[in-house]
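These are the residues of each chain, in order.
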Amino acid sequence: RYLQDLMCTVVSGETNPEDGASEDDIAGSDDLISTVPILDKFERLREATTILQLERPSDWSAMAYTVGGEGRDKLKPDEIKAVMLLRVDFSEDAVAAVCGGLK
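Just so we're clear, the structure is a prediction, and the values are computed from it rather than from any experiment.

Cut-off values and rules
- Residues numbered from 1 in each chain as written.
- Predicted model: local features only at pLDDT ≥ 70, side-chain atom pairs only at ≥ 80, totals over all residues.
- Heavy atoms only, no water.
- Helix = DSSP H or I, 4+ residues; strand = E, 2+ residues; numbered from the N terminus.
- Buried < 20%, exposed > 50% of the residue type's maximum accessible area, 1.4 Å probe, protein only.
- Contact = heavy atoms within 4.5 Å.
- Areas by Shrake-Rupley, 256 points an atom, 1.4 Å probe, with all protein chains shown as cover.
- Salt bridge = Lys/Arg side-chain N within 4 Å of Asp/Glu carboxyl O.
- Patch = residues over 30% accessible without salt bridge, like charges linked within 9 Å, V, L, I, M, F, W, Y side chains within 5 Å.
- Axes fitted to C-alpha atoms, helices over the stretch in contact; angles between N-to-C directions.
- Parallel < 35°, antiparallel > 145°, perpendicular 65-115°, else oblique.
- Left-handed = near helix turned anticlockwise from the far one by under 90°.

Caption draft 1: Spotlight on the overall build of the protein. For the protein, the count of helices and strands is 6 helices and 0 strands. Walking the protein from its N terminus toward its C terminus, one meets helices and strands in the order α-α-α-α-α-α. Within the span of the protein, comprising 103 residues, buried residues form 26% of the whole. Long-range pairs, those at least 24 residues apart, make up 59% of the contacts in the protein with a sequence separation of at least 6. Looking at the protein as shown, the accessible area adds up to about 7300 Å², and 54% of this sits on carbon and sulfur atoms.

Caption draft 2: Inspection of the pattern of salt bridges at higher detail. Inspection of the entire model under this criterion finds 4 salt bridges. The residue Arg87 makes a salt bridge to Asp89 at a minimum N-O spacing of 2.7 Å. For Arg87, a relative accessible area of 17% puts it in the buried group.

Caption draft 3: Here's a closer look at a nonpolar patch on the surface. A cluster of nonpolar side chains, Tyr2, Leu3, Leu6, Met7 and Val10, forms an exposed patch at the surface whose accessible area comes to about 530 Å². With respect to the secondary-structure elements, Met7 resides in helix H1 (residues 2–12).

Caption draft 4: Focus on the packing of helix H3 (residues 36–52) against helix H5 (residues 77–84). Two elements in contact, H3 and H5, have axes separated by 9 Å at closest approach and are oriented at 45 degrees. As far as their axial angle goes, H5 and H3 are oblique. Crossing angle aside, the handedness with which H3 passes H5 is right-handed. Contacts between H3 and H5 involve Arg44, Glu47, Ala48, Ile51 and Leu52 from the former and Glu79, Ile80, Val83 and Met84 from the latter.

Dropping the structure here:
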């Protein structure tokens, strides 16, 4: 989370009053930069990390993840399958069974 916050701060150009900028300078800035692309990348990374930490592929289904559901999942079904297949202890059949139900 710290790295995520740091990257957003760097991109947005936020400064601290301790850095010499007054609060009026910061509040009056019209140059707003969206950090959504950065947060999306970190969300994809978080999701891939979660997949790699599963005990078995079927745990992904048990976590009630559905691609595109409620904006939670950022990885596409083929990306989820590719990440699962990085685990040498996950059989291709088990991964195919779980990923076959993803839409």
